[in-house]
Amino acid sequence: MNFLQTLTLILAAILLAMGMNWLYYYIQGRRSATIIDQEAFRQGMRKAQVIDVREKKEFDGSHILGARNIPYTLLNNSMGSIRKDQPVYLYDTGKTLSVRAANKLRKNGYKDIYILKDGFNGWEGKKKSKKTV
């Protein structure tokens, strides 16, 4: 094979791996949680536990008003603070960490789990931002 054929095969393999990764998270997200749009998230969040699974530094910079921060990296240690009898609304920057968190929660007996479709990046509702002096 010449260089261009090898390069084409490598690029095709990378694209296939990216597609499989996306498909895996899509299926896991559908299996573990209900993915909802902003309007449904906004309407239901008053009766739910809204959890931002981003790291503390990102949360401190800006987050959805009323959310609490349980970083995905600390979820195993903090699971006891999340009630199983109330809906759990998750979000992160996009959706990947929320899907992982939802999968962990589902495996630990949580049933009523929702993920913000476009994540914090797409959120147009009220935010709390750290004020700079």
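The structure we're discussing is the one just above.
Below you will find a few notes about this structure. The structure presented is a predicted model; accordingly, all values stated were derived computationally and were not measured.

As a further point, take the packing of aromatic side chains. The tally for this structure, following the rule as stated, stands at five aromatic pairs. Consider the rings of Phe41 and Tyr91, whose centres lie 6.4 Å apart with planes at 85 degrees: the pair is edge-to-face. Here the residue Phe41 occupies a position in helix H2 (residues 38–44), and Tyr91 occupies one in strand E5 (residues 88–91), the gap between them amounting to 50 residues. Both residues of the pair, Phe41 and Tyr91, count as buried. With a centroid separation of 5.1 Å and an interplanar angle of 50 degrees, the aromatic rings of Tyr89 and Tyr114 are classed as tilted. One end of the pair, Tyr89, is in strand E5; the other, Tyr114, is in strand E6 (residues 113–116), and 25 residues separate them in sequence. Judged by relative accessible area, which is 7%, Tyr89 ranks as buried. Through pairs of rings, three or more aromatic residues link up here, namely Phe41, Tyr89, Tyr91, Tyr114, Phe120 and Trp123.

Before going further, it helps to spend a moment on the pairing of strand E2 (residues 49–52). Alternating positions in E2 separate into two faces, Gln49 and Ile51 on one and Val50 and Asp52 on the other, with burial throughout. Pairing of E2 with E5 involves four bridges; the strand directions are parallel. Of the residues in E5, the one forming a bridge with Val50 is Tyr89.

Conventions used here
Residues numbered from 1 in each chain as written. Predicted model: local features only at pLDDT ≥ 70, side-chain atom pairs only at ≥ 80, totals over all residues. Heavy atoms only, no water. Phe/Tyr/Trp six-rings, centres within 6.5 Å; stacked < 30°, edge-to-face > 60°. Helix = DSSP H or I, 4+ residues; strand = E, 2+ residues; numbered from the N terminus. Buried < 20%, exposed > 50% of the residue type's maximum accessible area, 1.4 Å probe, protein only. Pairing = 2+ DSSP bridges.

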